[in-house]
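# Chain and residue survey
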Amino acid sequence: MPCERKPMRYGHSEGHTEVCFDDSGNFIVTCGNDGDVRIWETLDDEDPRFITVGEKAYSLTLKKGKLVTASSNNTVQIHTFPGGEPDGILTRFTTHATHVTFNSSGSKVAAGSSDFLVKVVEVSDSSQQKTLRGHEGPVLSVTFDPNGDFLASASCDGSVIVWNIEEQAQMIRWPLLQKTNDFSNAKSLCRLAWQPRTAKLLAVPVFTKVYLYERGSWDHVSTLSDDLMTEPINVAAWSPCGNFLAAATVGGFITVWDIESKLCLERQKHEKGFTVCSLAWHPSGTQIAYTDIEGCLGLLDGFSASISKITMPKVNAEKAERCYEDLFEDVDDPVTDEGWDDDNSPTKKAISGVNENEYEDDSFVKPANGWAKNRGAILDDENSLDSGSQMLDQHNFGDNDPDSAVVTTSPLPATLRPVYEVPQKTAPQKAFQPGSTPIHLTHRFMMWNSVGTVRGYSDEQDNAIDVEFHDSAVHHTMHLTNLLGHTMTDVSVEAVVLACPSTDELASKIHCLHFSSWDTNKEWMIDLPNGEDARALCLGRGWAALATSTLMVRLFTIGGVQKEIFSLPGAVVCMAGHGEQLLIVYHRGKGFDGEQALGVQLLQLGRKWRQIISGEPLPISYKSYLCWLGFTDEGTPCYVDSEGVVRMLNRSLGFTWTPICNTREACKSKSDHYWVVGVHENPQQLRCIPCKGSRYPPTLPRPAVAILPFKLPFCQTTTEKGHLEEQFWRSVLFHNHYSFLSSCGYEIDEVGQSQSEKEHQEVLMKMFALSCKMEREFRCVELAELMTQNVVSLAIQYASRSRHMALAQRLSEIALEKASQIYSEQEEETEHSDIRRTLSGYDQIEHKENYHHRQTLEDKPDQEFEKDEDQEEMASQDGLEAPKSSKGGRSNPFKVLSLGKSSPVSCQLRMGNILDKMTSSRKSAPLSASVRKSNKSPIFKPLPTQAKTKAQSTLLQMTDKKAVIKKARENNEARDDQSKQADLSSALSQTEKSETKRYGLSKQKVQLVM
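Residues numbered from 1 in each chain as written. Predicted model: local features only at pLDDT ≥ 70, side-chain atom pairs only at ≥ 80, totals over all residues. Heavy atoms only, no water.

### Let's talk about the sheet that holds strand β5 (residues 49-52)
The following threshold applies: Criterion used throughout: strands pair if DSSP finds at least two bridges between them. Helical segments are the DSSP runs of H or I of at least four residues, strand segments are the runs of E of at least two, and each set is numbered from the N terminus. For helices, the fitted axis covers only the stretch in contact; all axes are lines through C-alpha atoms, and the angles between them, taken along N-to-C directions, range from 0 to 180 degrees.
Spatial strand order, β2-β3-β4-β5: 4 strands in an open sheet with antiparallel pairing. Where the open sheet ends on each side, the last strands, each with one partner, are β2 (18-21) and β5. Ignoring strand direction, the axes of neighbouring strands in this sheet form an average angle of 20 degrees. In this sheet, β5 lies alongside strand β4 (residues 36-40) in antiparallel orientation, the contact comprising 4 bridges. Among the inter-strand pairings, D36 is bridged to a residue of β5, identified as T52.

This is the structure:
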């Protein structure tokens, strides 16, 4: 009976949930821990109708337009269906009712309660009640005999009782269950089920089996079991025809049996392994709806084809046995058909009356995964057995012996391989907008981030969007009419962008309100191509990104210009933007057994694109999904999964993701959650909204924002050592943004950065002191490696005062290493700065040469005159009189010399400009003074004298020799620097003298001309 398992969807808040169909099968009705009854037209209904019946709803039943519910206010209420109008209270208990059910005609309702009572009430006249007393514990379940004569009930006292309703007397009592003291603590709900139509059998879940009792004689006639069901069965439900029985366990395993053949027809596993607490068959028998303790609703579809195959008329058992003996004479031990799919099961075909000619072809044999298997690959010798061709002996299903009806699995031969259970595929997570509540809500948050909130209203009276900013200085509150049906939005300090899906008439659109624009046109809208829908969008600084259903990401400027387009490897899940960063999460493959296979990309937009993270897997908690994605206010990517774990990108650790908080630890109950709206690194704050009994906050009244602290999941944080370790590494992680911002060219808060560094060193010193007290000297040395040079000096003093002399000696060596490392880094920085300044000087000289060359080209008519002037100047510099110009023209003292001519003066002037720049740069360099000062070795306080070993003396002598050599080398370098500066000063003086002389000659020429 292969069926299709539909993906589960959110129905109610976490807790006990029940489900049923209406008489026509057009609606699925559920109730849950949130006190609502919801009416779903289909499983994908995004806006179900709901009826509030109380603070909590424990059970419901529906028949002939009457909806009966058991709520936490100790009443059993009745409403009209599907209108949902209250129609009175049927009965009351001293505590809340646990289970309600209709009889087959819909005239009576039975209700069990935690006060040990069972009541049978007439629907038409609630004063007509019958109370059944006899249980010694809370009642778990009740069920009517289809003929209306009896009623069965199960209780926490471990008993199952069959009552005669008319006489209000017990017919029989079976002590079958494990005793508990409360309904909520019961290992199993033990939901009884009476066979419809024939009313012949009563199904009682007992641990991992279902006992079938015969009506009237109350004998145990058969037992249904399955080797794969290893946990207690929670609920049982008959199909409308009465030929099949479905059961679900507390481990999420669902099994369907054929009652006549006692065979298991279908096995399904809950996608996350949660407890299934309710089952309901569709009136047509083609579907099974089920709910779990997390409030989710699921559906199994496609039973009709298999039911028609199995209900075929049987053939004579002797003929089937003769067919079996003729084909397989060497096989004696029958095995079951476990591991084969139901359409091609050889066991079921034998029972269904398949003739012997059908077994001549082995092409029908298939394993459990549905792939055809080559029989020749299995039967490789005469002793091999083909389990798919064996048949189950018909004599095992005798009607005389009740125990013979128990379906058991015979042991497989040793030569056969064990059956491999194929992993179940996980339904991929749908695309969502971070900071938004589900789309099916009529009043919802479309966006809540650090800039503002966007609320959407879609009811019969109004369909609008309200945009409210946290800081009114950014922009005033906006009210927008949602005529296009926008479902997703994002807001920043520059704009508001919205997107809507396509319809039969209109294409999917992106709409932007650029309120920070300086012109009058502040809106623009773009239609997407046909067949392409918007899935996710986000805003950055000056740009907007839109992911579509065609696995593409489209980029736009904030003014509406289309930019780059690129493809994604899988369907998008969500996106987030901050500044020039774009973070995208998508499906990188199929997930199995409740896991989501997500990938992440981090792009750096701007003049030069960079892909920082390219398709790496996104780590989330086991069997969870993504709930929120975004950036901290400082620009670090982070996200939250459904288990409440917050993770942040650690740039200093190879772009890995570090868990920084678990919101579930702050929740008071399992049904409470925290809805994250923002993360701040300095100060360390996680801004979120507490949600009581749900995952999402209501829009009205406006929810209050709570602040949760961060805590890395270190070991033994209750101890002082673990607390200090967690505090140090958390401080290091949350101050990595300083280096990122400085690398991107942003101005950083130097005071805050120095304060954070000070905090790091203070925590390290505390850890060092604690390790000294614990006599962990090796650990002290490890901590000293993380300290700065100044803090190492303090650690040396602390170790000396605490009489850890060996430790102080090792710390001294570490201090010397750090000092030499600092000196070498400063030298490298000085060299690099000098090279950069020299290159910049050459660039300026080249620019001047180009300028003078252009001037020379413009002054070509006066070229002859310039030649005479140059000759006169050169002669005057040599102390000679320049020859007169042959043309007798006047010399121009204001003409710029042509650099195209090679002259000693021009070369000297050019060299002087370069040296001027190098000297000034060296004088202005802040590191030059520190380099000169660092020529002396660091001075440390002498340690107390103690006896030194030979090895220590040798090491000290070697250290002294190295220091002497190093000092001599530094002195030589200092002398070289002084000599270079002397050469530079002499060159500068010569240049100045030549310029002065030239200026004097030019002045004399001017006077002569005048």
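After that view, the rundown keeps rolling.
### Considerations on helix α8 (residues 777-784)
Using the following cut-off: Only protein chains enter the calculation, and the probe is 1.4 Å; a residue is then buried if its accessible area is under 20% of its type maximum, exposed if over 50%, and partly exposed in between. When we speak of the arc, we mean the arc of directions from the helix axis to the C-beta atoms.
Within α8 the residues assigned to the buried category are C780, V781, L783 and A784. Angular distribution of buried residues about the axis of α8 spans 160 degrees; they occupy a single face of the element.

### What to know about a negative patch on the surface
Cut-off, in case you're wondering: Each patch groups residues whose relative accessible area exceeds 30% and which form no salt bridge, using 9 Å between like charges and 5 Å between nonpolar side chains of Val, Leu, Ile, Met, Phe, Trp and Tyr. Computed by Shrake-Rupley with a 1.4 Å probe, the accessible areas treat only the displayed protein chains as cover when residues are assessed. Salt bridge, as applied in this entry: a Lys or Arg side-chain nitrogen positioned within 4 Å of an Asp or Glu carboxyl oxygen. The charged-residue count follows a simple rule in which Lys and Arg add positive charge and Asp and Glu add negative charge, with His and chain termini not counted at all. Taken as the charge centre is NZ of Lys, CZ of Arg, CG of Asp or CD of Glu, depending on the residue.
Together, E782, E785, E813 and E817 give the surface a local cluster of negative charge. Relative to the assigned elements, E785 resides in the loop between α8 and α9 (789-801). A relative accessible area of 45% means that E785 is categorised as partly exposed.

### With respect to unusual backbone geometry
Following F81, the chain continues into P82 via a peptide bond in cis, with omega recorded as 5 degrees. In this fold, P82 is placed in the loop between β8 (75-80) and β9 (86-92). Going from N682 to P683, the amide bond is cis rather than trans, its omega being 5 degrees. We note that Q168 has phi near 55 degrees; this positive angle belongs to a residue other than glycine. Position of Q168 relative to the elements: it lies in the loop between β16 (159-164) and β17 (169-175).

### What about the packing of aromatic side chains?
Note the cut-off: Pairs were defined over the aromatic rings of Phe, Tyr and Trp, the Trp ring being its six-membered one, requiring ring centres within 6.5 Å. Orientation was assigned from the angle between planes: stacked under 30 degrees, edge-to-face over 60, tilted for the rest.
Using the criterion set out here, one finds 16 aromatic pairs in the structure. Taken together, a centroid distance of 4.0 Å and an interplanar angle of 20 degrees make the contact between W174 and Y213 stacked. With W174 in strand β17 and Y213 in strand β20 (residues 209-214), this pair connects stretches of sequence that are 39 residues apart. When its relative accessible area of 5% is taken as the criterion, Y213 is described as buried. Ring geometry for F566 against W609: centres 6.3 Å apart, planes inclined by 85 degrees, an arrangement best described as edge-to-face. With F566 in strand β41 (residues 562-567) and W609 in the loop between β45 (598-604) and β46 (610-617), the pair connects residues that are 43 residues apart, well separated along the chain. Look at W609 and you get partly exposed, because its relative accessible area is 36%. Clustering of aromatic rings is evident, with ring pairs tying together F150, W194 and W218.

### Some words on the nonpolar core
Just so we agree on the cut-off: What is meant by a nonpolar core is a set of buried Ala, Val, Leu, Ile, Met, Phe, Trp, Tyr and Cys residues, joined one to another through side-chain atoms within 4.5 Å. Whether two residues are in contact is decided by their heavy atoms, any of which lying within 4.5 Å being enough.
Of all hydrophobic cores here, the largest spans 24 residues; its most connected members are M765, M767, F768, M787, A795, L807 and L811. Among the secondary structure elements, those contributing two or more residues to this core are α5 (720-733), α7 (750-773), α8, α9 and α10 (805-858). Broken down by element, the residue count for this core peaks at 7 residues, all from α7. Setting aside residues no more than four positions away along its own chain, L811 makes contact with F768, A784, V792, A795, I796 and A799.

### Overview of the pairing of strand β31 (residues 452-458)
Buried residues dominate β31, accounting for 6 of its 7 residues. Sheet topology places strand β30 (residues 443-448) next to β31; 5 bridges connect them, and they run antiparallel. Across the sheet, the residue bridging to F445 is R455, located in β31. The loop that links β30 with its antiparallel partner β31 comprises 3 residues. Where β31 lies against strand β32 (residues 463-469), 7 bridges are found, and the strand directions are antiparallel. Paired with G456 across the strands is I465, a residue of β32. Counting the residues in the hairpin turn of β31 and β32 gives 4 residues.

### Here we look at the pairing of strand β35 (residues 496-500)
For β35, the tally of buried residues reaches 5 of 5 residues, placing the bulk of the element in the interior. The alternating pattern of β35 places V496, L498 and C500 and V497 and A499 on opposite faces, both of which are buried. When strand β34 (residues 488-491) meets β35, the two strands line up antiparallel, connected through 4 bridges. Pairing of V491 across the sheet is with V496, part of β35.

### Quick notes on the packing of α5 against α7
Under the convention used in this document: Oblique is the label for every angle not falling under 35 degrees (roughly parallel), over 145 degrees (roughly antiparallel), or within 65 to 115 degrees (roughly perpendicular). Each crossing is labelled by how the near helix is turned from the far one, with a counterclockwise turn of less than a right angle marking it left-handed and a clockwise turn marking it right-handed.
Viewed as axis vectors pointing N to C, α5 and α7 meet at an angle of 160 degrees, and their least axial separation amounts to 10 Å. By the angle between their axes, α5 is roughly antiparallel relative to α7. Crossing angle aside, the handedness with which α5 passes α7 is left-handed. The segment α5 lies against α7, with E720, K721, L724, E725, Q727, F728, S731 and V732 engaging E759, H760, V763, L764, K766, M767 and L770.

### Focus: the side chain of T717
Its place among the elements puts T717 in the loop between β53 (706-708) and α5. Residues in contact with T717, not counting those within four places in the same chain, are K711, G722, H723 and E726.

### What to know about the confidence of the model for the protein
Quick reminder of the rule: The quantity known as pLDDT measures the predictor's confidence residue by residue, on a range of 0 to 100.
The pLDDT averaged across the protein works out to 78; a share of 71% of its residues lies at or above 70. No element of the protein has a lower mean pLDDT than helix α12 (residues 904-924), at 35, and none a higher one than strand β42 (residues 572-578), at 97. In this model, residues 308-416 is a region of pLDDT below 50 whose contacts with residues beyond four sequence positions or in other chains number 147 contacts. Residue range residues 1001-1010 is modelled with pLDDT below 50. Its contacts to residues more than four positions away, or to other chains, number 8 contacts.

### Here's the deal with the sheet that holds β41
Across the sheet, which stays open at both edges, the 4 strands sit in the order β38-β39-β40-β41 with antiparallel pairing between neighbours. Across the chains shown, the open sheet's two edge strands, defined by having one partner strand only, are β38 (534-539) and β41. Averaged over neighbouring strand pairs, the angle between their axes works out to 20 degrees when direction is ignored. Bridging between β38 and strand β39 (residues 543-548) involves 5 bridges; their strand directions are antiparallel. Paired with A534 across the bridge in β39 is T548.

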